[in-house]
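Analysis of the macromolecular model
Given next are the chains, with one letter for each unit.
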Amino acid sequence: MFYAAGRSNAKRAYGLYKQGLWFYAQKDYHNAYYNFSKISRFSKLYHIALLKQGQCALNVGDKKSAYSKFKHLGNISHDVHLAPYALYNAALINMEHKKYSHAYRKFKTIYKKYPDSDFKKASAYQLGVLCKDKKPHAAKEFFMEYIEYAPYGRYAKAAAQNMLESGLVLNDEEKYNIANALYYSFEYNEALKYAGMSDTAAAAALCAKIYEHSGSIRKALSYYLKALAICDETLEPEEVSSIIGRYLALSKEPKKDTCAFLLKQTKKTAAYPAVLFAYANYLTKLSAIKCYQAVYSKYPASYWAPESLRNVIMYSYETGYSKKAKQLAQDYLGKYKNTKSAPAVKFWYGKILSEEKKTAEAGRVFKELISESPDSYYAYVAYNLLCGRQTPLNSVNLGKIPKGGNFSKNDLKQIFNNDKTPVTLAYLGDIEALEELRVHNDFAASYIAYKKNNFPYAIYYANKGFEKLKVKPAHSDARYKLLYPLAYTDKINNNSTKFAQNPYLMLALIREESGFNPEALSPAGASGLMQLMPQTASALGFGNVGAQDLFNPDLNIKLGIKYFSDLKNMFNQTEMLAVLSYNGGPYNVQMWTSDLEHKSFDEFVEDIPYLETQNYIKKVFGSYWNYARIYGKN
């Protein structure tokens with residue numbers, strides 16, 4: 001009897017919450033408040049209902065009721081999401097009413113008790129404000145903590161200005177952090193002033209970005225060069241590569257000559273292997289390989305060493321030195337297990353073993369590859385070899401794509417790592433509350449973006465989350481649905497049927513072209529979901545098509561799939577070549593395929609001269625492989 005009563009009460013609580021949420025969405029905050037207030041204090045939803053009551057009261061300007069609910073929630077809850085949110089909002093109301101001692105105690109509680117919460121960082125700013133007159137050194141620590149954590153946060157500009165007005169002595173790192181916050185606040189002159197006071201590579205790079213933004217290209221080049229010339233381990237490798245890329249883009253000299261100049265300027269700095277790696281792009285094949293050999297042999301611990309060694313392995317294999325390639329691959333896999341190019345090296349190591357007729361050993365390597373990097377393009381080609389076939393030139397058509405968007409409670413537990421409050425809010429469909437709580441989790445950010453139909457951001461955050469996982473989960477894990485979302489499925493299915501194409505491959509193509517952003521626009525003028533040029537679209541037989549027309553998802557998908565169908569016909573129904581043509585252009589592909597009869601398709605892909613197109617075909621078929629394994633019935 002008690003069990004039945006419990007289920008009935010739980011059902012009533014969920015019904016009240018859903019009804020309150022509906023009123024909340026209509027901005028009828030009084031009725032929403034009433035529904036949330038009827039949820040029993042014995043319900044599992046009681047604490048969340050208090051949060052919603054506080055939000056309703058805030059929305060109608062009733063600060064007294066809002067404070068009462070937030071204070072009560074902060075006192076009774078120990079939830080790492082609800083408690084700091086409630087205490088923070090209660091403290092802000094204290095600040096408005098000039099009850100500074102009460103506010104200080106609440107911010108300090110958040111700061112000490114919830115160190116992993118975003119509200120701890122926001123509290124640091126507020127504590128800085130409260131301390132700045134009587135305890136300026138303590139205020140400095142609080143402000144600097146906030147600035148360093150969130151240089152583009154809502155309080156970053158104010159925190160920076162408070163620091164500058166304090167008159168306290170600043171070290172180089174603090175000057176840079178303040179300059180960085182001012183840069184993100186578009187205060188370029190002030191940012192330049194304080195970045196110029198800091199004699200570090202990061203500060204020089206920031207000055208360069210500011211000068212580039214203002215159109216002072218010569219000064220930008222000078223500061224980018226300075227950043228490289230004094231480069232040390234404090235600059236992230238990706239930032240070093242970005243600085244080199246910007247210098248090459250801004251310089252009017254030939255790229256090869258520019259790289260040669262940069263090599264002289266960076267000889268004894270941490271940037272040297274990065275410049276050497278970049279230099280290889282503008283050399284003949286053999287000279288490039290010598291550069292790569294120098295990078296991995298002389299700078300084996302550098303960020304650029306694994307990819308350099310991979311290039312040497314491929315060159316050795318392509319020129320007939322399989323034994324050397326095998327030896328180098330073994331060396332690579334012993335040193336660089338968790339790097340971006342590890343799946344490629346493992347695949348080619350397995351393929352060499354297969355060619356040596358060491359079938360069992362090759363099979364073990366391919367299975368390891370699929371287990372360790374199940375979502376990579378190389379898992380796709382390894383799977384095909386395990387099945388006894390070469391990389392297929394055409395994908396397997398698995399029929400229509402299912403509709404997406406639904407997540408079970410078990411799915412939500414996987415996405416939110418079994419974190420009770422976010423799982424409950426997601427299950428209830430309260431995306432706004434979920435967003436307000438600032439759950440510190442890439443997959444949470446991805447889920448929120450997904451539910452708001454912001455698929456590019458959903459993919460971006462999910463990708464960040466997967467990069468941090470040491471062990472990749474099984475394909476049934478719901479987090480893959482965020483990384484490979486389903487969108488526009490009806491339109492893709494219908495047009496794929498109309499033009500006799502594989503809908504899963506078209507879905508993968510759209511993901512890689514635009515991230516499902518219907519308003520995507522490339523620098524060259526390619527528009528919409530399938531990134532079509534207006535002149536290309538107009539030549540497909542459906543009348544004149546303007547750039548704005550291509551932002552229409554219905555038209556864009558129809559024209560994009562029709563264009564792909566035409567490319568496939570041009571290349572004798574070969575999907576791999578049609579995908580290449582979609583990015584690299586049919587004329588280029590026709591030139592490249594003259595070598596195809598002399599090598600396997602896997603070698604052909606690795607030897608595509610345009611790196612962007614080479615990566616593109618791997619991305620598209622990697623996405624196809626993932627869509628097939630996540631959603632396919634076979």
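The model shown is predicted, which means the values in this text are computed figures rather than measured ones. (Residues numbered from 1 in each chain as written. Predicted model: local features only at pLDDT ≥ 70, side-chain atom pairs only at ≥ 80, totals over all residues. Heavy atoms only, no water.)

1. Some points on the packing of helix α8 (residues 136-149) against helix α9 (residues 156-166)
Where α8 contacts α9, the axes come no closer than 9 Å and their chain directions differ by 145°. Crossing hand, α8 versus α9: left-handed. Packed against α8, whose contacting residues are Lys140, Phe143, Met144, Tyr146 and Ile147, the element α9 presents Ala156, Ala159, Ala160, Asn162 and Met163 at the interface. Among the residues forming the contact of α8 with α9, the class breakdown is eight nonpolar, one polar and one charged. (Axes fitted to C-alpha atoms, helices over the stretch in contact; angles between N-to-C directions. Helix = DSSP H or I, 4+ residues; strand = E, 2+ residues; numbered from the N terminus. Left-handed = near helix turned anticlockwise from the far one by under 90°. Contact = heavy atoms within 4.5 Å. Nonpolar A, V, L, I, M, F, W, Y, C, P; charged D, E, K, R; others polar.)

2. Quick notes on the pattern of salt bridges
Throughout the structure, instances matching the rule amount to 30 salt bridges. Here lysine 140 makes a salt bridge to glutamate 174, at a shortest N to O gap of 3.3 Å. A residue pair is termed long-range when its members are at least 10 positions apart, and lysine 140 in helix α8 and glutamate 174 in helix α10 (residues 172-184) qualify at 34 residues. Of the residues examined, glutamate 174 reaches a relative accessible area of 13% and is grouped as buried. (Salt bridge = Lys/Arg side-chain N within 4 Å of Asp/Glu carboxyl O. Buried < 20%, exposed > 50% of the residue type's maximum accessible area, 1.4 Å probe, protein only.)

3. Examining the packing of aromatic side chains
Here the structure, examined in full by the defined rule, presents 46 aromatic pairs. Ring centres 6.0 Å apart and planes at 25° place the aromatic pair tyrosine 627 and tyrosine 631 in the stacked group. Placement of the pair is tyrosine 627 and tyrosine 631 together in helix α36 (residues 611-631), with a separation of four residues, close to one helical turn. Each member of the pair, tyrosine 627 as well as tyrosine 631, carries the same accessibility label: buried. These aromatic residues form a ring-pair network of at least three members: Tyr317, Phe347, Trp348, Phe366, Tyr377 and Tyr378. (Phe/Tyr/Trp six-rings, centres within 6.5 Å; stacked < 30°, edge-to-face > 60°.)

4. Observations regarding helix α3 (residues 46-59)
Taking 1.5 Å per residue, 14 residues should reach 20 Å; α3 reaches 20 Å between its end C-alpha atoms and fits that length. Of all 14 residues making up α3, 11 are buried, and the element is well covered by its neighbours. Restricting attention to buried positions, one finds in α3 the residues Tyr46, Ile48, Ala49, Leu50, Leu51, Lys52, Gln53, Gly54, Gln55, Cys56 and Ala57. (Expected span 1.5 Å × (residues − 1).)

5. What to know about unusual backbone geometry
Phi is positive for lysine 27, close to 65°, though the residue is something other than glycine. By secondary structure assignment, the location of lysine 27 is in the loop between α1 (2-25) and α2 (29-37). Under the relative-accessibility criterion, lysine 27 is labelled exposed at 64%. A positive phi angle, near 60°, is found at asparagine 453, a position not held by glycine. By secondary structure assignment, the location of asparagine 453 is in the loop between α26 (442-451) and α27 (455-468). Here asparagine 453 falls in the exposed class, since its relative accessible area comes to 57%.

6. Overview of helix α29 (residues 489-498)
Buried within α29 we find Thr489, Ile492, Asn493, Asn495 and Ser496. A positive backbone phi angle near 55° is found at alanine 500, which sits one or two residues after α29.

7. Considerations on the side chain of serine 514
Mapped onto the secondary structure, serine 514 falls in helix α30 (residues 503-514). With relative accessibility at 11%, the residue serine 514 sits in the buried group. Those residues in contact with serine 514 that sit more than four places away from it in its chain are Pro456, Ala520, Gly528 and Leu529.

8. Considerations on the side chain of serine 395
Locating serine 395 in the fold gives a position in the loop between α22 (377-386) and α23 (409-415). Among the residues examined, serine 395 registers a relative accessible area of 12% and is labelled buried. Polar side-chain contacts of serine 395 include one of 2.8 Å to the side chain of asparagine 502. Sequence-distant contacts of serine 395, defined by excluding residues within four places in its chain, comprise Asn502, Leu505, Glu575 and Tyr624. (Polar contact = N/O pair within 3.5 Å; in protein donor to acceptor, adjacent residues only side chain to side chain.)

9. A look at the environment of alanine 329
Tracing the backbone shows alanine 329 in helix α19 (residues 322-335). Relative accessible area serves as the criterion here: at 1%, alanine 329 is assigned to the buried category. Setting aside its immediate chain neighbours within four residues, alanine 329 contacts Ile313, Val345 and Tyr349.

10. Let's talk about the confidence of the model for the protein chain
When pLDDT is averaged along the protein chain, the result is 93, and 98% of the positions lie at 70 or above. Here residues 1-6 scores under 50 on pLDDT; set against residues more than four positions off or in separate chains, the count is zero contacts. (pLDDT = per-residue confidence, 0-100.)

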